[in-house]
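Residue-level listing of the chains:
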Amino acid sequence: FGSSSEVEKPYYVTTPIFYVNASPHIGHLYSMVLADVLKRWQLINGKNAILCTGTDEHGMKIQQAALKEGIPPKDFCDFNSAKFRDLGKAANVDHDFFIRTTDDEHKEAVKSFWLQLKHGLPEGLGLYKGTHKGWYSVSDECFYPEAMIQTSIVPQTGKKIQVSIETGSEVELVEEETWFFPLTKYKDRLLEFYEANPDWITPAHRMNEVRDWVAHHLEDLSITRPASRLSWGIPAPETDDQTIYVWVDALINYITVAGYGSKWHLSQENMSPWPADVQVIGKDILRFHGVYWPALLMALNLPLPKKILCHNHWTLADRKMSKSLGNVVNPFFAMQRWDVDPLRYFLMAQGSLSKDMSYSNRLINAKYVKDLQANIGNLFYRIARPKVTGSWSTAEAVAEFRIHFFDPVVSTKDNEDAPKEFFTLERPLQNTTPAFVTAMNNLDTSSALRNVYELQREANRFVSETRPWDLVKNTAYEARLALLWVIFSCAEALRISGILLQPIMPTKAKLLLDELGVRADRRTVDFAHPGKDADYGTEAQPGPADARIKKWETIFPPTPN
Ligand code: ME8
């Protein structure tokens, strides 16, 4: 990153860094794609944006998983981390950084952070040593207070175990000497911060959960484990018997990437790109990001992220898709079956911030057919076919329209005799982008996409009503004008949709815009308004019209692959 304060801070998006104890699944893909869409959205708004993802490689969970496989932990991490990196690549996730918590730079950042917590804070606000007794879940990598534990019986064996009420994962009673972060001392500051920034977490009800937790359940945070129990982690500086708690290690990744520890320490200048503009997380890790993370940053007087976006979970047969339950869908297989962009579209259209989302091939297929094939695919197919456009491609028809008819049509609009149905697309063309922008500013991809879907639906209805296939047979001037107006209006619907769909379906949107002959420098949101691009289509793609149309027909084929 540029270290000069004159460099504009890029919009900074993060995903959680994923545990490498198992292979990635659809839930991980969703978080990655969502973050990627938010980054790409900034890009098509003309902003500079960066995205960071990566893997979380320390802790008891990884240590045990590696031991079980009989592989040295680092080799185990190398092997599984590569799968997450491959996933990003396969899904066209445009990340700028892929951080691994085993990277030397990160370890240095964590140690530096640790030393600041230990020595750099006023009396009472820094780390202290004590005995910790509590219920630890290796699977969740956290302690739970007594009140959040219950007894459960393992169905297969009848064995009684203690589990977390929240996640159902097994806990064990642990009593050990550790270092503590005095989280309770930050209670008032946290509550004041939430009060002053009620939109800090999206959606709002997650903010309430966090506030409630801080108000009623806050305890000091044990932030080391005895090295005798946890050896696979970053050693706490200045001791030889403690390892830094994996969650503290993990959270710091977001600032390691931004140069903490190497380029800046406590100075708030030249911190580009921190603070993050949006941090995408699943609801399972809300407390870590909504409570521990701001408290740790506050302790060091560092700026807090501007926004936490907390999404719900994908379920399979009504149960959370999860590595520990084993009910996971392999995202590589899913992309092979549905193709990358249609799957990205499905995830973004069905993704929800308020309820869990059910994953099934039947649903993906239904969405593919209804939204992509029968709606957007159909519109292009209908107006681009030679039987509708005569001998032109759509791009040529649009150009023809521009050259010969633009002014007359504008004046036709004022002509009371012009048939009303010819202007029914006007309003949807005007309204789609503003509504899409509002939804994206609310980080709501699903409602953003509904606007594009509606525009395409209106455009298809418009084609059915104006019947260009009849108009094309009529050689009268008015009929020719009407035909070109229909094609032009639909091309506008496609052009605007193509621009807006770029973050969600980068490859398909590019094909669409290429096909319409939209110049590369006219694909930003500024241009996603009717009449905004005065001459697309004039730089038609090389090759015969038929070849272009054939290419289009395979964009959303009957079976995606
Ligand atoms: O928690 N639906 O890593 P993790 C939607 N290393 N998203 C899901 C999901 C599902 N069923 N399952 C997982 C960790 N996710 C820590 C994070 S960050 C500093 C450290 C996504 O591998 C979702 O984003 O268990 C969730 O928060 C994350 O994967 C958890 O991944």
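Let me sum up the structure you'll find in this document. (Residues numbered from 1 in each chain as written. Predicted model: local features only at pLDDT ≥ 70, side-chain atom pairs only at ≥ 80, totals over all residues. Heavy atoms only, no water.)

Section: helix H6 (residues 204–217)
The terminal C-alpha atoms of H6, which comprises 14 residues, lie 20 Å apart, in line with the 20 Å expected from a rise of 1.5 Å per residue. Taken together, the buried positions of H6 are Arg-206, Met-207, Val-210, Trp-213 and Val-214. The buried residues of H6 all sit within an arc of 125 degrees when viewed along its axis, so they share a single face. The outward face of H6, more than 90 degrees from its buried face, is lined by the exposed residues Ala-204 and His-216. (Helix = DSSP H or I, 4+ residues; strand = E, 2+ residues; numbered from the N terminus. Expected span 1.5 Å × (residues − 1). Buried < 20%, exposed > 50% of the residue type's maximum accessible area, 1.4 Å probe, protein only. Arc of directions from axis to C-beta.)

Overview of the sheet that holds strand S2 (residues 49–56)
Strand order in the open sheet formed by 6 strands is S3-S2-S1-S13-S14-S9, and the pairing between neighbours is parallel. Looking at which strands have only one partner, the edges of the open sheet turn out to be strand S3 (97–100) and strand S9 (201–202). For strand S1 (residues 11–19) and strand S13 (residues 278–282), the ladder comprises 2 bridges, and the chain directions are parallel. Following the sheet pairing, Thr-14 is matched in S13 by Gln-279. Against the sheet, helix H1 (residues 26–43) engages S1, S2, S13 and strand S14 (308–311), with an angle of about 170 degrees to S1. (Pairing = 2+ DSSP bridges. Contact = heavy atoms within 4.5 Å. Axes fitted to C-alpha atoms, helices over the stretch in contact; angles between N-to-C directions.)

Examining the nonpolar core
Formed by 93 residues in total, the largest nonpolar core has its most connected members in Ile-26, Trp-314, Leu-343, Leu-347, Met-348 and Tyr-359. With 16 residues, helix H18 (residues 477–501) is the single largest residue contributor to this core. Other than its neighbours up to four places away in sequence, Leu-347 contacts Ile-26, Leu-29, Tyr-30 and Trp-314. Grouped together as the second largest cluster of nonpolar side chains are 82 residues, Val-174, Tyr-260, Phe-288 and Met-298 included. (Core = buried A, V, L, I, M, F, W, Y, C linked by side-chain atoms within 4.5 Å.)

Focus on the sheet that holds strand S17 (residues 357–358)
Strand order across the open sheet formed by 3 strands is S16-S15-S17, with mixed pairing between neighbours. Of all strands in the sheet, those with a lone pairing partner are strand S16 (319–320) and S17, marking the two edges.

Thoughts on the packing of H1 against helix H15 (residues 426–441)
Put simply, H1 and H15 touch, their axes get as near as 11 Å, and they point 130 degrees apart. Classed by the angle they form, the pair H1 and H15 counts as oblique. The handedness of the crossing between H1 and H15 comes out as left-handed. Note on element contacts: H15 touches H1 through Phe-436, Val-437, Met-440 and Asn-441, opposite Val-37, Leu-38 and Trp-41. Looking at the contact of H1 with H15, its residues break down into 6 nonpolar, 1 polar and no charged. (Parallel < 35°, antiparallel > 145°, perpendicular 65-115°, else oblique. Left-handed = near helix turned anticlockwise from the far one by under 90°. Nonpolar A, V, L, I, M, F, W, Y, C, P; charged D, E, K, R; others polar.)

Some thoughts on the pairing of S2
For a regular strand, side chains alternate in direction, first toward one face of the sheet and then toward the other. Extensive coverage of S2 is indicated by the burial of 8 of its 8 residues. Here S1 pairs with S2 via 7 bridges, running parallel. Bridge assignment links Val-13 to a residue of S2, and that residue is Leu-51. Following the chain from S1 across H1 to the adjacent parallel S2, one finds a crossover that is right-handed. Pairing analysis gives 4 bridges linking S2 to S3, with the strands arranged parallel. From the neighbouring strand, Thr-55 faces S3, where its bridge partner is Arg-100. (Right-handed = clockwise from strand over helix to strand, strands pointing away.)

Some points on the site of the ligand
Not every one of the 24 residues close to the ligand is listed here, only the nearest: Ile-17, Ser-31, Asp-56, Trp-314 and Lys-323. Separating a nitrogen atom of the ligand from a backbone N or O atom of Gly-27 is a distance of 3.3 Å. Between an oxygen atom of the ligand and a main-chain N or O atom of Gly-282, the distance comes to 3.0 Å. For the ligand, whose free accessible area comes to 670 Å², the fraction covered by protein is 96%. Looking at the shell around the ligand, the elements that each hand over two or more residues are S1, H1, helix H7 (246–251) and helix H8 (253–256). Sorting elements by how many residues they give to the shell around the ligand places S1 first, with 4 residues. Grouping the amino acids of the shell around the ligand by side-chain chemistry returns 10 nonpolar, 10 polar and 4 charged. (Near = heavy atom within 4 Å. Polar contact = N/O pair within 3.5 Å; in protein donor to acceptor, adjacent residues only side chain to side chain. Areas by Shrake-Rupley, 256 points an atom, 1.4 Å probe, with all protein chains shown as cover.)

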